[in-house]
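# Understanding the architecture of this molecule
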Amino acid sequence: MRKFTVVTLFLMFVLSVGLILSGCGGSVSDKQVDKNSKVQEQQETPQQKTRDTVRIAIPSEPSTMDVQYPDDGNMRAVTENVAEGLLAMDGQSLKPIPALATEVTPTNETTWRIKLRQGVKFHNGSPFNADDVVFSVRRQISDELNSDIRGYWESFDAIEKISDEEVQITTKGADPNFKVRLTLLKIMNKEWVEANPDQVPLQLIGTGPYKLTEWKRGQSITIEANENYWGPQPAVKTAIYRFIEEDATRAQALKAGEIDVATNMLPEYVSDLPKVKTVDGLEFSLLRLNAIKGVMKDVRLRQAASYAVDKRALAEALYQGYATVAQGQVFKPGYIGYNPDLAPYPYDPEKAKELMAEAGYNGEKLEFVGERGRWLKDGEQIEAIAQMLRAVGFNVEVKMLSFQQWLRVLFDRERSPDMIFTFHSNDIFDADRTFGTYVYTKGPGSSYPDTLDAKIESARKEMDLEKRSQLYREIGQAIYDDPAWISLINIQDIYGMHDYVEYEPRQDMRLAVYEMKLK
């Protein structure tokens, strides 16, 4: 039988406190529900009777409506229904399918011809054409925008207009994931963006099945069906997103009938919800370590931290079976680059202390940056991990930031703290996404030396799948031995909903209102 360690008991304490707070009448969370409920009752009861409106609770307010800038999952929960790419992703098979492009054809290893769908209009009535595609691709990969997500398209070199109906993209080398990358690059209206640069963070003019109609800052976002959409009309006419940070409060709002769908449900409340849908998630939690400066530059201390964290305790005590321990990496079997030879660092506090002594660690303060509310139980994970690190002697100071502040720190190499907690999803199922972001020195979230840059660049251009996979396995082994981060756990996506909501969660985590139905 597994022994109850001090850390495990601490996790139980964290869990019990969360339950007590969420169950107490008159708590801050309860008041937030009551306050928001009055607004919803006044505005939505007539619509609810027809059941063509769905009310969705997400953990945080989107940071912007500029779909080409942030790595913001709350924003994507809204904008995936409003803006489109040249290709889309089939949510179950995870294969690219036509969207604003009808054909994507390679003419050689580095050149792709793309035929565009005709008769499409943006939500402001402007016709979609090749100029919008050229503008969007150039803006997305530009140094001027310096997007948090530009790592997806590091392989792109240039784009040119062939005609109003066709464009050509060239890559720096062979790119076996070219089509998947196109599913993530959203097309913007060139004329509107250039005429309204100040409005880009606040409004979104897309071509998708829904159009953004209202953003009440701090309260809600409303999208409505696009009656001129080029594809099938969605069954749900209106979606209203509310921002409810506390996990327990979202569950309470669902049970009280204030909302119809809630994301990131707490495992301990699953049995009390009207209906639950789960899917193996893409999200892995990880603790990125600063390998280029500061105390953690010493590899022995990064290894010590890896031994000090009990990943199994995190999965079992916090997620109650709705999470699994990461296998020494943030990939799953089937991803290009998954290394079957890796295993989690064992939980070994004594080994951690040995390494700390060997490195001459003398209680120097370590800055541990995190945020709370973006992902399920992220705050609880941060508290537990900090406690585990302190238990072996690390002098950890936790600094919790707002999501927007945290994003700015995560993607600023110069401001990298000793440790920063995040979740990571690999939307292209290829190690290049992860290594290109958090290891490659030109990646937006890297705090790692340039020792693996050449190998990452070689793997990125390698068209032979086995050679490519082998390069990624070697990179994975290298950052396991000389840690860039601590791979923690992989959580399931838990959706709460009412019985009258018909929706199958997608394998790619995208929240597709256009795939929902209301009985």
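All values derive from a computational prediction rather than experimental measurement.

### With respect to the overall build of the protein
Scanning the protein from terminus to terminus reveals 15 helices and 21 strands. Taken over the C-alpha trace, the protein has a radius of gyration of 23 Å; the compact-globule value for 519 residues is 24 Å, and the two agree within 12%. Dimensions of the protein, computed from C-alpha atoms along their principal axes, come out at roughly 70 × 60 × 40 Å. Sorting the 519 residues of the protein into buried and exposed places 59% on the buried side. Within the protein, residue pairs in contact and separated by at least 24 positions form 70% of the contacts whose partners lie at least 6 positions apart. By element, 48% of the accessible surface of the protein is carried by carbon and sulfur atoms, the whole surface being about 20700 Å². Averaging the coordinates of the 63 positive side-chain charges in the protein and doing the same for the 77 negative ones gives two points 1 Å apart.

### Points about the UniProt feature "domain: Solute-binding protein family" (unreviewed entry) in the protein
Mapped onto this numbering, the UniProt entry annotates "domain: Solute-binding protein family" (unreviewed entry) at residues 95-443. Structurally, residues 95-443 is divided into 27% helix and 24% strand, and its ends, taken at the C-alpha atoms, are 26 Å apart.

### Brief notes about the sheet that holds strand E14 (residues 323-325)
The mixed open sheet is built from six strands, whose spatial order is E14-E18-E13-E17-E15-E16. Each of the sheet's edge strands pairs with one partner strand only, and the pair in question is E14 and strand E16 (395-400). In this sheet, adjacent strand axes meet at a mean angle of 25° when their direction is disregarded. Alignment of E14 against strand E18 (residues 485-491), held across three bridges, turns out to be antiparallel. The residue of E18 that forms the bridge with valine 325 is isoleucine 489.

### Digging into the packing of aromatic side chains
One pair of aromatic rings is described through two measures. These are the centre distance and the angle between the planes. Under the defined criterion, the tally for this structure stands at 19 aromatic pairs. Judged by centre distance (6.4 Å) and plane angle (70°), the rings of tryptophan 375 and phenylalanine 403 are edge-to-face. Of this pair, tryptophan 375 sits in the loop between strand E15 (365-370) and helix H11 (378-391) while phenylalanine 403 is found in helix H12 (residues 403-410), placing the two residues 28 residues apart along the sequence. Given a relative accessible area of 8%, phenylalanine 403 falls into the buried group. With 5.5 Å between their ring centres and 75° between their planes, tryptophan 375 and tryptophan 406 make a pair best called edge-to-face. Pair noted here: tryptophan 375 is in the loop between E15 and H11 and tryptophan 406 is in helix H12, with a separation of 31 residues, a long-range link. We note that tryptophan 375, like tryptophan 406, is buried. Taken together, Phe331, Tyr335, Phe429, Phe435 and Tyr472 form an aromatic cluster joined through their ring pairs.

### Some words on the side chain of asparagine 177
Among the structural elements, asparagine 177 can be located in the loop between strand E7 (166-171) and helix H5 (178-184). Not counting residues within four places of it along the chain, the set of residues in contact with asparagine 177 comprises Ile428, Asp430 and Arg468.

### So, the pairing of strand E4 (residues 101-108)
Summarising the sheet, E4 and strand E5 (residues 111-116) pair through six bridges and their orientation is antiparallel. Within E5, the residue paired with proline 106 across the bridge is tryptophan 112. Connecting E4 to the next strand, E5, in antiparallel fashion are two residues.

### Some details on helix H10 (residues 349-359)
Of the residues making up H10, those classed as buried are Ala352, Leu355 and Met356. Seen end-on, H10 carries its buried residues on one side only, within an arc spanning 100°. The exposed residues of H10 that point more than 90 degrees off its buried face are Glu354, Ala357 and Glu358. Residue glycine 360 follows H10 closely and has a positive phi angle near 75°.

### Here's the deal with the pattern of salt bridges
Tallied over the entire structure, the rule returns 34 salt bridges. Note that arginine 113 and glutamate 166 form a salt bridge whose closest N and O atoms lie 3.6 Å from each other. Remark: glutamate 166 occurs in strand E7 and arginine 113 occurs in strand E5; sequence separation between them is 53 residues. When its relative accessible area of 16% is taken as the criterion, glutamate 166 is described as buried. One salt bridge connects arginine 372 with glutamate 383, and the closest N-O pair in it is separated by 2.5 Å. One end of the pair, arginine 372, is in the loop between E15 and H11; the other, glutamate 383, is in helix H11, and eleven residues separate them in sequence. The network of salt bridges with common partners includes Glu80, Lys186, Arg506, Asp508, Arg510 and Glu515.

The rules we used
- Residues numbered from 1 in each chain as written.
- Predicted model: local features only at pLDDT ≥ 70, side-chain atom pairs only at ≥ 80, totals over all residues.
- Heavy atoms only, no water.
- Helix = DSSP H or I, 4+ residues; strand = E, 2+ residues; numbered from the N terminus.
- Rg over C-alpha atoms; globule rule 2.2 N^0.38 Å.
- Buried < 20%, exposed > 50% of the residue type's maximum accessible area, 1.4 Å probe, protein only.
- Contact = heavy atoms within 4.5 Å.
- Areas by Shrake-Rupley, 256 points an atom, 1.4 Å probe, with all protein chains shown as cover.
- Lys, Arg positive; Asp, Glu negative; His and termini not counted.
- Charge placed at Lys NZ, Arg CZ, Asp CG, Glu CD.
- UniProt positions renumbered as here; feature names shortened; annotations may be inferred.
- Pairing = 2+ DSSP bridges.
- Axes fitted to C-alpha atoms, helices over the stretch in contact; angles between N-to-C directions.
- Phe/Tyr/Trp six-rings, centres within 6.5 Å; stacked < 30°, edge-to-face > 60°.
- Arc of directions from axis to C-beta.
- Salt bridge = Lys/Arg side-chain N within 4 Å of Asp/Glu carboxyl O.

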